[in-house]
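Structural features, examined
So you can see what is in the structure, the chains are spelled out below.
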Amino acid sequence: MLIAQITDLHMRTPGDKAYGIIDPAAFLGPAVRALNALSPRPDCVLITGDLTDLGRPHEYAHLRAQLQALEMPYFLLPGNHDDRAGLRAAFPDHAYLQGASPFIQYSVDTYPLRLLALDTVVPMKSHGELCGERLAWLEQQLAQQPGRPTLVLMHHPPFLTGIEHMDAIGLLAGAPELERIVSRHPNVERVLCGHLHRTIFQRFGGTIASTCPGTAHQLALELGPRPTLQYIMEPPGYQLHWWNDGRLVTHHAVIGEYPGPYPFA
Ligand SMILES: [Fe+2]
C-alpha cells in the first residue's frame, strides 16, 4: 500500500495572496500533478489540515474544484485555519466528515493500514488540544481492532519542535495522554501530522510522530528564541508512506521541475 500525504494547503482563491506574497491556489495544481504522475500510484492521499487559509466558503469551493483533479481518493482533516462547518458544507459527499459530533474524527477501515483521524482544532485559536472526549474516541477505536496496523492522523503534532513560535501554538493539551494511549498500542505505525510546514520526526509513545512539508510556503528553520515566526519559499513537498511487508517507509519528496533524472551510466 502506498499513501501520499500533503498538508497545509492554505487555499485562497486565485490571486488572493496570503501575507501579500503567497498565492496558495497557484501551488496546489503542481502538487496534484506531482501526485497524479507517481508510478506506482498512491492508493489514497491524506491531507492533514489547514486546507484553507481563512476558512471561508469560497476558499473551500476552490479547494474542492482543484482537488477534483486528483486521480485517487483523498481524506481531509481540519487544521487551525479551517472551519468545521464550512469544510463539511463544501464536501457533503465525504461522509466521514459528517456526523453529530462537533469533532471531525473518523476511521477508514478499507485499506491494509487502518486510518484514525483526530481533530485537534480549537475554534478561533491557533493552538490545538485533545480533550477527554476526543482521546476517549481514539482509545475506543484502538480497542476495537487491537492488532491492526494503524496510522493516527492529526494536524497539530504532539511534540515540541524547537521552532518556539510554533511550539507556543502547538498541541497545548492532551499530548501526554495521547502518548500514554499510543504506547499501549504497538500497532500504531505512525502519528502523521501537519502544522509545521516542514519534515520533522520524533519518537513518541513507542512509535514515530512526524510532520510533513506544506504544498505552498514552508516555515523557516529557525530554532530557539526568535523575534518573529517567519516563512520561506523553499521547495514545497509531500511525503510518500510505503507499507511493505509489515513496515512503513517514508519518503520526503519535493514538488517542482528540476534537471534530470539522469542515468548513472
Ligand atoms: Fe499551516
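So, here is what we can say about the structure in this document. For every chain, the first residue of its written sequence is number 1, and the numbers climb from 1 along that sequence. Per-residue local features are limited, in this predicted model, to residues with pLDDT of at least 70; the limit for side-chain atom pairs, both in listing and counting, is 80 or more; totals at the level of whole chains, interfaces and linings are taken over all residues. Side-chain metrics rest on all non-hydrogen atoms present in the structure, leaving aside hydrogens and water.

Coordination sphere of the iron ion, protein contribution only: D8 (OD), H10 (NE2), D50 (OD) and H197 (NE2), at 2.0 to 2.3 Å. Metal donors: N, O and S atoms at distances within 2.8 Å, or within 3.2 Å for Na, K and Ca, with water omitted from the atom set so that some sites may seem incomplete. Geometry is assigned from donor-metal-donor angles: four donors are tetrahedral when every angle falls between 85 and 135 degrees, four are square planar and six octahedral when opposite donors sit over 155 degrees apart with all other angles between 65 and 115, and any other arrangement is irregular. Coordination at the iron ion comes from four donor atoms whose angles at the metal span 87 to 176 degrees, giving a geometry best classed as irregular. All donors to the iron ion come from one chain, and their sequence spacing reads D-x1-H-x39-D-x146-H. Comparing D8 with H10, the two get one shared label, buried. Only protein chains enter the calculation, and the probe is 1.4 Å; a residue is then buried if its accessible area is under 20% of its type maximum, exposed if over 50%, and partly exposed in between.

We now examine the side chain of Q239. Checked against the element boundaries, Q239 lands in strand β14 (residues 237-244). Between N or O atoms, a polar contact is any pair within 3.5 Å; within protein, one atom must be a potential hydrogen donor and the other a potential acceptor, and residues adjacent in sequence are included only when both atoms are from side chains. Of the polar contacts made by the side chain of Q239, one reaches the backbone oxygen of T211; its length is 3.1 Å. Whether two residues touch is decided by their heavy atoms; if any such pair falls within 4.5 Å, the residues are in contact. What Q239 contacts, discounting residues up to four positions off in sequence, is I3, A4, Q5, T199, S210, T211, C212, P213, T250, H251 and H252. Runs of E in the DSSP output that reach at least two residues are strands. Runs of H or I that reach at least four are helices, and both are numbered from the N terminus.

The residue after S39, namely P40, is reached through a cis peptide bond having omega 0 degrees. Of note, P40 is situated in the loop between α1 (24-36) and β2 (44-48). Note the cis peptide between G260 and P261, where omega equals 5 degrees. Along the chain, P261 falls in the segment after β15 (247-254). For H197, which is not glycine, the phi torsion reads 55 degrees and is therefore positive. With respect to the secondary-structure elements, H197 resides in the loop between β9 (188-193) and β10 (200-204).

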